[in-house]
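Observations on the three-dimensional arrangement
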Amino acid sequence: MKYACVHETPLGPMTLVEQDGALVEARFDRRFMPGETPAQTPLLTEAQAQLDEYFQGRRRDFTVALNPQGTPFCLRCWQALRRIPYGCTITYGMQAEAVGQPKACRAVGRANHLNPLPLFIPCHRVVGKDGKLVGYAGGLEIKQALLALEYNNKGE
């Protein structure tokens, strides 16, 4: 069974979805999909608390259990995303190299677009080869806001 809740963030509502004790989806919307039961579970409560801490600049890494569903290639791409440090960016080419497919920049971009757990799996930290913001399922305004939040709270 999938449980879902809507959480208000500074960038708009996010629907969080739990299945089998792990977060499986986070969407920048407030819609429940077929098969999702509106509920407030301990895991969803913790995910909301971690999101709040992130937006307050007090959390750099999410520790809530995640279980994204995707192809083996997507899973490798998403794992590489989790290794990008808070407040830093890499290019799609660098991510392609990190997953052992140096010529697969477009495929990496597609995998990032399919990321079911934005923020929790930080695909917003990947930029174009010229450093410009390109491609983000939540919209470039949200990507820019997330990168600015992290840059401003990086505090080296």
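Throughout what follows, the structure given in this document is the object of discussion. (Residues numbered from 1 in each chain as written. Predicted model: local features only at pLDDT ≥ 70, side-chain atom pairs only at ≥ 80, totals over all residues. Heavy atoms only, no water.)

The element strand β2 (residues 12-19) is extensively covered by neighbouring structure, given that six of its eight residues are classed as buried. Sheet topology places strand β1 (residues 2-9) next to β2; eight bridges connect them, and they run antiparallel. Counted as the bridge partner of Glu 8 is Pro 13 from β2. Hairpin connection between β1 and β2: a loop of two residues separates the two successive antiparallel strands. In this sheet, strand β3 (residues 22-27) lies alongside β2 in antiparallel orientation, the contact comprising five bridges. Opposite Gln 19, over in β3, you have Ala 22 as the bridge partner. What sits between the antiparallel neighbours β2 and β3 is a turn of two residues, in which Asp 20 has the positive phi angle 50°. (Buried < 20%, exposed > 50% of the residue type's maximum accessible area, 1.4 Å probe, protein only. Helix = DSSP H or I, 4+ residues; strand = E, 2+ residues; numbered from the N terminus. Pairing = 2+ DSSP bridges.)

Bringing helix α2 (residues 72-82) into the picture now. Within the span of α2, buried status applies to Cys 74, Cys 77, Trp 78, Ala 80 and Leu 81. All buried residues of α2 lie within an arc of 155° about the axis, which places them on one face of the element. (Arc of directions from axis to C-beta.)

Ranked by size, the top nonpolar core spans 37 residues in total, and within it Leu 16, Leu 23, Leu 51, Tyr 54, Leu 119 and Phe 120 carry the most contacts. Elements represented by at least two residues in this core include exactly β2, β3, α1 (42-55), α2, α3 (92-98), α4 (105-113) and α5 (140-153). The contacts of Phe 120, once residues within four sequence positions are left out, are Leu 16, Leu 23, Ala 26, Ala 47, Leu 51, Phe 62, Val 64, Leu 66 and Arg 82. (Core = buried A, V, L, I, M, F, W, Y, C linked by side-chain atoms within 4.5 Å. Contact = heavy atoms within 4.5 Å.)

Moving on: the packing of α2 against α4. Packing of α2 against α4 leaves a shortest axis separation of 9 Å and a crossing angle of 80°. By the angle between their axes, α2 is roughly perpendicular relative to α4. Along the contact surface, α2 presents Phe 73, Cys 74, Cys 77, Trp 78 and Leu 81, while α4 presents Ala 107, Val 108, Ala 111 and Asn 112. Among the residues making up the contact of α2 with α4, the classes are represented as eight nonpolar, one polar and no charged. (Axes fitted to C-alpha atoms, helices over the stretch in contact; angles between N-to-C directions. Parallel < 35°, antiparallel > 145°, perpendicular 65-115°, else oblique. Nonpolar A, V, L, I, M, F, W, Y, C, P; charged D, E, K, R; others polar.)

What the rule picks out here adds up to seven salt bridges. Ionic pairing is found between Arg 30 and Glu 8, a salt bridge with its closest N-O pair at 2.5 Å. Taken together, the positions of Arg 30 in the loop between β3 and β4 (36-38) and Glu 8 in strand β1 put the pair 22 residues apart, joining distant regions of the chain. One salt bridge in this structure joins Arg 125 and Glu 150, with 2.9 Å as the shortest N-O distance. Separated by 25 residues along the polypeptide, Arg 125 in the loop between α4 and β6 (126-127) and Glu 150 in helix α5 bring together distant segments of the chain. Classification of Arg 125 by relative accessible area gives buried; the value is 3%. (Salt bridge = Lys/Arg side-chain N within 4 Å of Asp/Glu carboxyl O.)

With respect to the helices and strands, the residue Gln 50 is situated in helix α1. Residues within four places of Gln 50 in sequence aside, it is in contact with Arg 59, Phe 62, Thr 63 and Val 64.

Here the focus is the packing of aromatic side chains. Scanning the model with the defined rule gives five aromatic pairs in all. Taking the centre distance of 5.3 Å and the plane angle of 80° together, the rings of Tyr 54 and Phe 55 count as edge-to-face. Their ring planes at 50° and their centres at 4.6 Å tell us that Phe 62 and Phe 120 sit as a pair that is tilted. Separated by 58 residues along the polypeptide, Phe 62 in the loop between α1 and α2 and Phe 120 in the loop between α4 and β6 bring together distant segments of the chain. On the accessibility criterion, Phe 120 (3% relative accessible area) is buried. Taken together, the ring pairs in this structure connect Tyr 54, Phe 55, Phe 62, Tyr 86 and Phe 120 into an aromatic cluster. (Phe/Tyr/Trp six-rings, centres within 6.5 Å; stacked < 30°, edge-to-face > 60°.)

This is a description of form; function is not addressed.
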